[in-house]
Amino acid sequence: MKLDLVIKTKGMMDSSAPPVTGVKDVYSPHETRLSRRWITLSILSILLIVLIMAGYFLLTRVETARTVSAKAAATANHPGVPVAVAPVKRGDLNRFLSAIGTVTAFNTVTVKTRVDGQIVNVAFKEGQTVQKGDLLVEIDPRPYQAALAQALGTLAKDEATLANAKTTLARDQMLFQQGVIAAQDYDNQKSVVGQAAGTMESDRANVAAAKVQLDYTRITAPLTGRIGLRLVDQGNIVHAADLTGLAVITQLQPIAADFSIPEDNLPQVSKDMRNGQTLPVVAWDRELKTQIATGTLETFDSQIDQSTGTIKLKAVFPNADYSLFPNQFVNIKVLVDTRRDTLLVPAAAVQRNPQGTFVYVVKPNHTVEARSVAISATQGDVIALDSGVSPGEMLVIDGLDKLQSGTKVIVQPAQVAAKEGAPGSGL
C-alpha cells in the first residue's frame, strides 16, 4: 500500500496546483538548503573551537617549556645563594643572671658645722679626693680661744681654792685632835674641801668643752672619698642649726650596686654562696656594649618582695678607675654557672619549625643540609648544643630565608667567623 500525504494550506496555496504527496516532499528545496547550511556552520564552529583550544594548549606548553628552560639556564648561570657562615666551636659557656642595677655609695656624708662663726678658710677644691682627717673648712677660732682661756683661768683659781681648803683642813685636824676646836668646825672644813674639789672638776670639764668647741672650728673630712661642689663660700656666717651643709663627701672606693633577681633564681645563688664560692659580677653600660667594671656578689636581702616576686642583691666593685658613680644605672650580670667543653654556635644559626630546632650545615660541595639539633643552654647571642653538629662545621647565620636542603651556596669570605664579644658568650 502506498500512503499519500496531502498538505493543504488554506488561503496560502493555489487550488490549481498539483497536490504534494510523499515524505520527501515535506520540505521545500529552499528549506533543505538552509538546513544544510546550518549544519555546515555548526560543524565549522565546533572545529574552530577545537582548533582554538588546541592552539591555546600548545602555546601554554611552549611557554611552560620556555620558562623551565629559562629557569634552568638561570640556575646554571647562577653559582649559588650568598650566605654568611660561622664555625661550630667547642668551649665553655658562662651562664649569667641579668638585671638592671643602681650604683650606691657605702658612705655619703654631708659636712656641716657644729659651731657658729664666720668661715675664714676653705681648704678643699671641688671634686677633690680627700683623705680622712684632711682639713676642709676653718671657722674663726678667736671667740672659742677666748672661751678656753677663760675656762683655764677659772680652773686655776679653783685649784688654788682647793689647795687652800686642804691646808686649812690639815690644820683643823691637828687642832681637833688637841681639843682646841669643836668637831663641827672640823667637819665644816672637810665639806669646804669637797666643794672646792667638785668646783675644780667642773672647771676641768669646762676646759675640755672649750677645747672641743675650739677643735670644731677646724672641720675635717670624716672619711676618704670624693668631695663635691662646695655649698658655702668663704666669709659666710654659718650656724650649727643650718640645714644646708658645707659640702658632700661620697665614698667611691669601693662602691656597691643594688639589683633584684627573680625569686626562682635565689636557690642557685644562695647555694653557691653557702659553698664559699665568690660569684663574679660584671657591670655593663645601658646598651650592653661596654663593660664598665667587675666585682663580686656581697650578699642578698633577708626577705623577698611579695609585690614583685624578686629579692635584692648587693655587689661590690673596687672602682679603681672611678667608672661607677652613685645613682648610675647599669646592667648587671652575675656569673652563676659555667658549662664546660660544650658545642657553641651563634644564636642566629639556630632555626625553628614545627618539628623542632635545626641548623643549615654547609657541606664540602657547597650545598647546605638541614640538620636537627638539641639545645642545651642559651646565653646572649650564643647557644650551647648537646648534639647535631661537630666542631669545625660551618653553619649558615645569614641568608637563611632562601635556603632548603640541597641549595647551592656561596660563602662570603669576609664573614667566615662566629660573632664574638657578646656579654657572657664564652666564645
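Summarised in this report is the structure supplied together with it. (Residues numbered from 1 in each chain as written. Predicted model: local features only at pLDDT ≥ 70, side-chain atom pairs only at ≥ 80, totals over all residues. Heavy atoms only, no water.)

### So, the packing of helix 2 (residues 142-178) against helix 3 (residues 183-215)
Each pair of packed helices gets described by two things: the angle between the helix axes and the distance between those axes.
At step 1: Two numbers describe how helix 2 lies on helix 3: the axes approach to 8 Å, and their chain directions differ by 165°. On the basis of the axis angle, helix 2 is roughly antiparallel to helix 3. Helix 3 is crossed by helix 2, and the crossing has left-handed handedness.
At step 2: Tallied by class, the residues present in the contact of helix 2 with helix 3 amount to 20 nonpolar, nine polar and nine charged. (Axes fitted to C-alpha atoms, helices over the stretch in contact; angles between N-to-C directions. Helix = DSSP H or I, 4+ residues; strand = E, 2+ residues; numbered from the N terminus. Parallel < 35°, antiparallel > 145°, perpendicular 65-115°, else oblique. Left-handed = near helix turned anticlockwise from the far one by under 90°. Nonpolar A, V, L, I, M, F, W, Y, C, P; charged D, E, K, R; others polar.)

### Thoughts on the nonpolar core
At step 1: Within the largest apolar cluster, 33 residues are counted, with the highest numbers of intra-cluster contacts made by Ile119, Phe124, Leu136, Val137, Ile227, Leu246 and Ile249.
At step 2: Elements supplying a minimum of two residues to this core: strand 4 (117-122), strand 6 (135-139), helix 2, helix 3 and strand 10 (247-250).
At step 3: For Leu136, the contacting residues outside a window of four places in its chain are Val111, Asn121, Val122, Ala123, Phe124, Val130, Ile219, Thr220, Ala221, Ile227 and Ile249.
At step 4: Within the second largest apolar cluster, 25 residues are counted, among which are Val103, Val269, Leu313 and Ala315. (Core = buried A, V, L, I, M, F, W, Y, C linked by side-chain atoms within 4.5 Å. Buried < 20%, exposed > 50% of the residue type's maximum accessible area, 1.4 Å probe, protein only. Contact = heavy atoms within 4.5 Å.)

### Things to note about unusual backbone geometry
With the exception of glycine, most residues fall at negative phi, and the peptide bonds are largely trans.
At step 1: Put simply, Gln253 and Pro254 share a cis peptide bond, and its omega is -10°.
At step 2: Within the fold, Pro254 resides in the loop between strand 10 and strand 11 (255-262).
At step 3: One non-glycine residue, Leu288, lies in the positive phi region at around 55°.
At step 4: You can call Leu288 partly exposed: its relative accessible area is 34%.
At step 5: Phi is positive for His366, which is not a glycine, with a value near 65°.
At step 6: Position of His366 among the secondary structure elements: in the loop between strand 17 (356-362) and strand 18 (368-372).
At step 7: Relative accessible area serves as the criterion here: at 43%, His366 is assigned to the partly exposed category.

### Quick look at the pattern of salt bridges
Two side chains that carry opposite charge are able to pair once their charged atoms sit near each other.
At step 1: Taken as a whole and assessed by the stated rule, the structure comprises ten salt bridges.
At step 2: Close ionic contact of Asp92 with Arg340 constitutes a salt bridge, the shortest N to O distance being 3.1 Å. Highlighted residues: Asp92 in strand 2 (residues 89-104) and Arg340 in strand 15 (residues 329-346), separated in sequence by 248 residues.
At step 3: The class for Asp92 is partly exposed, based on a relative accessible area of 29%.
At step 4: Overall, Arg340 belongs to the exposed group, its relative accessible area being 60%.
At step 5: What you see here is one network of salt bridges that share partners, running through Glu369, Arg371 and Glu393. (Salt bridge = Lys/Arg side-chain N within 4 Å of Asp/Glu carboxyl O.)

### Examining the packing of aromatic side chains
At step 1: Enumeration according to the criterion identifies two aromatic pairs in this entry.
At step 2: Summarising the aromatic geometry, the rings of Phe176 and Tyr186 are spaced 5.3 Å apart at their centres and angled 10° between planes, so their arrangement reads as stacked. One end of the pair, Phe176, is in helix 2; the other, Tyr186, is in helix 3, with ten residues separating them in the sequence.
At step 3: Accessibility expressed as a relative area gives 34% for Phe176, which makes it partly exposed. (Phe/Tyr/Trp six-rings, centres within 6.5 Å; stacked < 30°, edge-to-face > 60°.)

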